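Tertiary structure, described
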Amino acid sequence: MAAVYKSLSKTSATKAPTSNDVTRKNKQRVLILSSRGVTYRHRHLLNDLYSLLPHSRKDAKLDTKTKLYQLNELAELYNCNNVLFFEARKHQDLFLWMSKAPNGPTVKMHLQNLHTMSELHFPGNCLKGSRPILSFDSTFSSQPHLLVIKELLTHIFGVPQGARKTKPFVDHVMGFTVADGKIWIRCFQISETAVSKSDAAEEKEVESKASTLKVSKKPGDTKISLVEIGPRFVLTPIVILESSFGGPVIYENKEFVSPNQIRSEVPLSKAGRYNRRSEQALENRTKRGDMGLRTGVGERKKDELDESVLFA
């Protein structure tokens, strides 16, 4: 047995390694944490993402919102090269930081239209620890900043094969769509059901009525469909930094308006409407006075204390 081992070791040592023999390993680990002040819905979203990403590590809340460079040290401590940081402001606004530690880049996005798994009650379900299929919209290839965001999303949400706590199954799809300058994220289960005789008969009737040719399914074949699981949320890109949680700004969204500014403009718009109504009423009174309609039937007569007499 020792002679066989020696002969095999000699042949493996003399054989030169080629490029085909070297297998590239996708080593990705994600650190997920949040800041102080998150609500219960934000915590549920964090737990949903943690259950969907078996290669992630969840940490306690970060006490500071200004010294974000400390996240690079945490990522190095937990042997993670991707960071998902949820920053909450005023217990209602949620911002998502995606970073490639330790060299960058970093993307800051505003998270809105949040719906967690417990809220939606979707019938779909997937195996915990399974790997997803990432589906990106063709719009991601149209602009440079969307290409950077696509690469970061691929590294974070793409579960590497053979990672810790992963199962050798692919049973759900994560869709990323760009619409109206925002990134819409959805998660679907790949449902496989057997085709019954009634379904096959209905498909034959539809094919006979339609002019297009389709492959008819026989009873016993599998029918693949997508069932939404959740969570669902929308991301609005704000800025892209060159390094991890710092550095010069590569991209800035000029069309983004902060939610705090939107809330401050609501009472100002209401006050503007009131001022316009009051000015219009004053103009109507002056016009009626100029036309001599103030002393008509049903109007009180002018006295010494009337405005037109006092301020004439």
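Data block above holds the structure.
As a starting point, this report considers the structure included with it. (Residues numbered from 1 in each chain as written. Predicted model: local features only at pLDDT ≥ 70, side-chain atom pairs only at ≥ 80, totals over all residues. Heavy atoms only, no water.)

Take the overall build of the protein chain next. The secondary structure content of the protein chain amounts to eight helices and eleven strands. Put simply, the protein chain has 312 residues, and 34% of those count as buried. Across the protein chain, the fraction of contacts at a sequence separation of at least 24, relative to all contacts at a separation of at least 6, is 68%. Total accessible area on the protein chain is roughly 20200 Å²; 54% of this is exposed by carbon and sulfur atoms. (Helix = DSSP H or I, 4+ residues; strand = E, 2+ residues; numbered from the N terminus. Buried < 20%, exposed > 50% of the residue type's maximum accessible area, 1.4 Å probe, protein only. Contact = heavy atoms within 4.5 Å. Areas by Shrake-Rupley, 256 points an atom, 1.4 Å probe, with all protein chains shown as cover.)

Going through the model one piece at a time under the given rule, you end up with four aromatic pairs. On the basis of an interplanar angle of 35° and a centroid distance of 5.9 Å, the ring pair of Trp-97 and Phe-245 is categorised as tilted. With Trp-97 in strand β4 (residues 93-99) and Phe-245 in the loop between β10 (232-243) and β11 (246-252), this pair connects stretches of sequence that are 148 residues apart. Here Trp-97 matches Phe-245 in class, with each residue buried. With centroids separated by 5.6 Å and ring planes inclined at 55°, the aromatic side chains of Phe-157 and Phe-176 adopt a geometry described as tilted. Residue Phe-157 is located in helix α5 (residues 144-157), and its partner Phe-176 is located in strand β7 (residues 170-179); the two are separated by 19 residues in the primary sequence. Of the two residues, Phe-157 and Phe-176, neither departs from the other in class, the shared state being buried. An aromatic cluster is built from Phe-136, Phe-140, Phe-157 and Phe-176, whose rings are joined through pairwise contacts. Positioned above the aromatic ring of Tyr-50, the side-chain terminus of Lys-58 is 5.1 Å from the ring centre. (Phe/Tyr/Trp six-rings, centres within 6.5 Å; stacked < 30°, edge-to-face > 60°. Lys NZ or Arg CZ within 6 Å of the ring centre and 35° of its normal.)

Let's shift gears to a positive patch on the surface. Together, Arg-57, Lys-128, Arg-164, Lys-165 and Lys-167 make up a positively charged patch on the protein surface. For Arg-57, the location among the structural elements is in strand β2 (residues 56-58). (Patch = residues over 30% accessible without salt bridge, like charges linked within 9 Å, V, L, I, M, F, W, Y side chains within 5 Å. Salt bridge = Lys/Arg side-chain N within 4 Å of Asp/Glu carboxyl O. Lys, Arg positive; Asp, Glu negative; His and termini not counted. Charge placed at Lys NZ, Arg CZ, Asp CG, Glu CD.)

This next bit is on the pairing of β4. The buried fraction of β4 is high, at seven of seven residues. What you see with β4 is no split at all: Asp-93, Phe-95, Trp-97 and Ser-99 on one side and Leu-94, Leu-96 and Met-98 on the other are buried throughout. Relative to β4, strand β3 (residues 82-89) runs antiparallel, the two being bridged by seven bridges. Within β4, the residue paired with Leu-84 across the bridge is Met-98. Linking two consecutive strands that pair antiparallel, namely β3 and β4, is a turn of three residues; a positive phi of about 60° is found at Lys-90 within it. The pairing of β4 with strand β5 (residues 106-115) spans six bridges and is antiparallel. Bridge pairing in β5 places Trp-97 opposite Lys-108. Here β4 folds back onto β5 in antiparallel fashion, the turn holding six residues, of which Gly-104 has a positive phi close to 95°. (Pairing = 2+ DSSP bridges.)

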